[in-house]
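For reference, the chains in residue letters:
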Amino acid sequence: MAERDAQRQLAELLEVQLQGGSDAGGVGKYLLHRAKPHVPPWLGWAGTGLVGALGHWQWGESAAAGVGLTLASVALTGATWLMGKSTSQQRRLHSAVTVAAGSAWVTAACLAGPMTGPVDDLYLMAGPVMALSWNVRMVLRHNPEGSAGNSNPDGSLLEKVGLARAQIGEAKVEPNRVTAPVALEAGEQTNDDVTKALARIASALDLPTSAVRYHADPGSARRGDLVIVPEDQLATVADWEGPSNLGGSIAEPLVIGRYDDGAPLQVWLPGDPETKRNSTHLLIAGGTGSGKGETALNLLSEILSRRDVIVWFSDPKAFQDFAPLRPGLDWSAEGGTDTEVMVESVKAVIPARTRWLGAHGYRQWVPAAAEQQNDPAHSCRSDGRACGCEGMPFLVSWFEEAANTLRNLGDDAFTGIAQEARSAGISLVVSLQRPSYDQMSTSTRASLPSVIALGCDPRDEGFSLPEAVLDAGAHPGAWGNRRPGYCYLVSPGVAEDRYPSPGRTLAFPARAVKTMEQLAAWAQRNGAPAGPVTAGAVSGVAGRAYTGRTAPDSAEQTTALRAIEEEDDMNHGGLLLDPEDAHIDPEAELPDPQEGDDAPIFGQNTGRKPSPEEARRLFADALVEFEAAGQMVVGPKDFMDWCDRHHLSRPWVSERLKEAAMDGRLEATNTTGRWRIVPLLAAA
Ligand SMILES: Nc1ncnc2c1ncn2[C@@H]1O[C@H](COP(=O)(O)OP(=O)(O)OP(=O)(O)O)[C@@H](O)[C@H]1O
């Protein structure tokens, strides 16, 4: 069936070409064009008559010629039968009968004469019947309905690939996509046999491996759909023209490209209570040059164009690719300590956000959670009246080139965060420079249910995609970096039979920079503020390292801080900030260590070893300095210069760090030897 379809497509192409040649117009020309393919059998009939007449003229009297002609007729028929082995049974028989009848008539005509007895009647009656039978055959072959037969009568394609006894059902033919149900022989073959034969099917059809896929029926071990997409429509690059749904909700699909049949390539980050889908975490995996950067631009620009989401973004490559979009981010960090603080902050906002959702009667984040809470059904007040609390936007926490960050965080910690974040209206997006297990452990990989798998090393395919999707024909290793933007998308919300279908993200031409800048400005003005719950919880961890998105009209006052201010003015009586964070005034000046008796510590060498008491005071001051500078995660290595200056040792600093943790001034992170500074006001 698949083979016939490929042939049909070829025939259609020929048809178009033929039409191109007879476009001169006119009914006559049209009829001639339609009749052309049916003429050859009639030419054969006329030719047979001519050969019979000429043969009689030459050998009419020769007995030896009679023997020769009879033998030649039998040999020709036998040869036709043999040569027809590779075609369908029907065609083979039809050809052999035609040749046998034609050659027998020629022999009779040569020996007895074309006009003798029944010879001429046979020519006039049987000849047209033969020619017509070939015309009918051609008409049926060109009829698309006729081509979608019910079984696999010739079986030649499946025979070639070792699935001779499989049956192919009625095929669904769409533009550039043929879906044919396959039923394998009961007890003899399984769906695995088809997946193993996919490359051979592609080879038999002379198509790329990725053009042939198999969707096994989850309810049967011997049934499924064979999908063939003959033409690679993704070869043409499609440019990004702007966001697909400016001002929409993050719960609506994010369109990042297209599939090879033209359908939009789209992903959902938040869950959907109706379909019982959970919010998801996404891995963007691809080798160097596979188009990861531009794929990320597609996704980030879609996210920033939505009204009810904020993005925290860490990029150790200093926003090389993302600079135009940076102003639209709620928080950006350039790797190192800033990223450590961001990770700690994500951990800290999870319980605050989950608590808020619970208190407002949401089982998971939905767009209504981002709006002001005017519905009594979602009130945190005990008297059942609407609480009017400010909404809480969805949070996307994005880690570019994340291998180091995740390794430092530790598997258990990451798995825990990933699990809990899903019920806190948070999606983690992680991109990896090299998609392989030496970059990310098995358990961390397992915590990221969604993946955009771009071209990679063939050995890394198993890391990028689930085995079932690879078995169904997905093959990102075949692309390497030769097909930038080609990808497979596996994510809840996407129909599973789409998983092995290749898509391609949109390309960002140079002119897209301006549109991205406009989009970032739009997000600054219209995007959601972080809201009191998230901003409050993060300020308690990150202190001044977190500023929130800067509104374009006021570089000083940030949207997040404004949200806290407004919240302070309101009297809800319900669940607001984390109780321990409620007294934080993010605008308050931190104590200036240069004031009063405290001498500045950084940049001055005291020239002598301080007394133990003095050393402890200097150490406390150093923490204040770090905090004021926004460096909220510290470890002994950050004190190296400081130790030299004050003639103190690193082990001494390590001891003080542990003490400070016991005093509540520091809190342990998941990385040994790294401590998070608890902001002074919160620790007080
Ligand atoms: N969807 C796409 N369509 C067409 N071309 C693309 C697409 N995505 C990326 N490209 C082109 O492919 C090249 C590599 O893309 P990109 O820099 O995004 O890859 P990368 O995976 O981020 O590479 P690296 O890891 O080296 O930064 C660029 O020239 C880019 O313009």
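Given the structure is predicted, the values throughout are model-derived calculations rather than measurements.

Thresholds, definitions, all that
Residues numbered from 1 in each chain as written. Predicted model: local features only at pLDDT ≥ 70, side-chain atom pairs only at ≥ 80, totals over all residues. Helix = DSSP H or I, 4+ residues; strand = E, 2+ residues; numbered from the N terminus. Buried ≥ 20, exposed ≤ 12 C-beta atoms within 10 Å, placed from the backbone. Contact = placed C-beta atoms within 7 Å. Pairing = 2+ DSSP bridges. Near = placed C-beta within 6 Å. UniProt positions renumbered as here; feature names shortened; annotations may be inferred.

A. Quick look at the overall build of the chain. Scanning the chain from terminus to terminus reveals 23 helices and 20 strands. Of all 684 residues assigned to the chain, the portion counted as buried reaches 41%. Intrachain contacts of the chain at a sequence separation of at least 6 include 68% that bridge at least 24 residues.

B. Highlighting the pairing of strand S9 (residues 309-314). Of all six residues in S9, six are buried, a share of seventy percent or more. With burial as the criterion, each face of S9 is covered, one bearing Val 309, Val 311 and Phe 313 and the other bearing Ile 310, Trp 312 and Ser 314. Sheet topology places S9 next to strand S11 (residues 394-399); six bridges connect them, and they run parallel. Within S11, the position partnered with Phe 313 by the bridge is Trp 398. In terms of strand pairing, S9 meets strand S10 (residues 331-333) through three bridges, oriented parallel. Looking at S10, one finds that Phe 313 is bridged to Ser 332.

C. Spatial organisation of the site of the ligand. Surrounding the ligand, one finds 15 residues, the nearest of these being Gly 291, Lys 292, Gly 293, Pro 484 and Gly 485. Every element with two or more residues in the shell around the ligand is listed here: helix H10 (292-304) and strand S15 (503-505). Here the element with the most residues in the shell around the ligand is H10; it accounts for three residues.

D. Examining the UniProt feature "transmembrane region" (unreviewed entry) in the chain more closely. UniProt marks residues 96-116 with the feature "transmembrane region" (unreviewed entry), using the numbering shown here. Between the end C-alpha atoms of residues 96-116 there is a gap of 26 Å, over a span that is 81% helix and 0% strand.

E. Local environment of the environment of Gln 433. Structurally, Gln 433 is set in the loop between strand S12 (426-432) and helix H14 (442-446). Between the alpha carbons of Gln 433 and Ala 402 there is a distance of 8.1 Å; along the sequence they are 31 residues apart. When sequence neighbours within four positions are dropped, the list of residues in contact with Gln 433 reads Glu 401 and Ala 403.

F. The arrangement of the UniProt feature "binding site: ATP" (unreviewed entry) in the chain in detail. Those places that UniProt annotates as "binding site: ATP" (unreviewed entry) correspond, in this numbering, to Gly 286, Gly 287, Thr 288, Gly 289, Ser 290, Gly 291, Lys 292 and Gly 293. The topology assignment puts Gly 289 in the loop between strand S8 (282-285) and H10. Residue class for Gly 289 comes out partly exposed when judged on the 13 C-beta atoms lying within 10 Å of it. Filtering out sequence-adjacent residues up to four positions away, Gly 289 remains in contact with Asn 481 and Pro 484.

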